[in-house]
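In case you want the letters, here they are:
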Amino acid sequence: MQRETDLPNSLNSLCFAEQLTLWSVRYWADRYREQDPASNILKDAYRLAKVEDGMISLDNFMTLLITGNCRTVDIRCLCCEGISADEWRILQSLGLAQVGKKYEIAPLLSSFLEPTSTRLALPVIRQWSAALAAAAHWLPIRKQALEVVRKNFAKASNRSEDTRAAYSANPIFH
């Protein structure tokens with residue numbers, strides 16, 4: 001039995017706003033892996049949740065994630081158990097944006113995004129979180145999740161072209 005202080009570790013144990021967000025991130029990544037656009041099902045999900053504007057922000061964020069990542073990002077498959085630290089980083093970034101803690105978001109995203117991509121992602125996260133909030137979908141800030149994801153903040157570095165070439169052969173998503 002999960003104690004109130006335990007960090008949820010399954011999609012089903014999250015609140016609806018977290019479920020919608022995590023499911024949509026996983027679904028988008030899954031469709032990207034399969035080279036099959038996911039827009040219709042995601043559009044329907046966001047329309048039914050009354051977050052139509054959120055779909056654009058989700059797509060923009062995920063596009064930044066695949067084009068500006070600095071390492072493989074642990075976005076799990078739809079059927080995977082558990083919630084990765086990277087998925088918690090995204091959920092907590094949205095929650096922090098909803099309560100106006102914008103300066104706490106960049107360190108979370110810089111764990112897997114290049115510095116320029118992190119700067120580009122900040123307004124996208126704010127727009128996405130605002131769309132969710134406008135539909136009364138509030139993502140909770142979870143102290144335990146922040147403790148987990150803050151343990152190993154990434155440090156910006158300039159990678160050589162050889163490193164970039166080697167990295168590009170690795171998968172984008174777990």
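Because the structure is predicted, anything quoted here is derived from the model rather than measured.

A look at the packing of helix H1 (residues 16-33) against helix H3 (residues 52-67)
Next, step 1: It is at 11 Å that the axes of H1 and H3 come closest, and there the two elements cross at 55 degrees. The pairing of H1 with H3 is recorded here as oblique in orientation. The interaxial crossing formed by H1 with H3 has right-handed handedness. Residues Ser24, Val25, Trp28, Ala29 and Tyr32 of H1 touch H3, and the partners they reach there are Leu58, Asp59, Met62, Thr63 and Ile66.

Points about the confidence of the model for the protein
Next, step 1: Within the protein, residue pLDDT values average 86, and 83% of them lie at 70 or more.
Next, step 2: Across the protein, element-level confidence peaks in helix H6 (residues 115-134) with a mean pLDDT of 97 and bottoms out in helix H8 (residues 161-168) with 45.
Next, step 3: Ignoring residues within four places in sequence, the model shows residues 154-169, a span with pLDDT below 50, making 14 contacts including any to other chains.

What about the pattern of salt bridges?
Next, step 1: Scanning all chains against the criterion turns up nine salt bridges.
Next, step 2: One network of salt bridges, in which partners are shared, links Asp30, Arg31, Arg33 and Asp36.

Calculation criteria
- Residues numbered from 1 in each chain as written.
- Predicted model: local features only at pLDDT ≥ 70, side-chain atom pairs only at ≥ 80, totals over all residues.
- Heavy atoms only, no water.
- Axes fitted to C-alpha atoms, helices over the stretch in contact; angles between N-to-C directions.
- Helix = DSSP H or I, 4+ residues; strand = E, 2+ residues; numbered from the N terminus.
- Parallel < 35°, antiparallel > 145°, perpendicular 65-115°, else oblique.
- Left-handed = near helix turned anticlockwise from the far one by under 90°.
- Contact = heavy atoms within 4.5 Å.
- pLDDT = per-residue confidence, 0-100.
- Salt bridge = Lys/Arg side-chain N within 4 Å of Asp/Glu carboxyl O.

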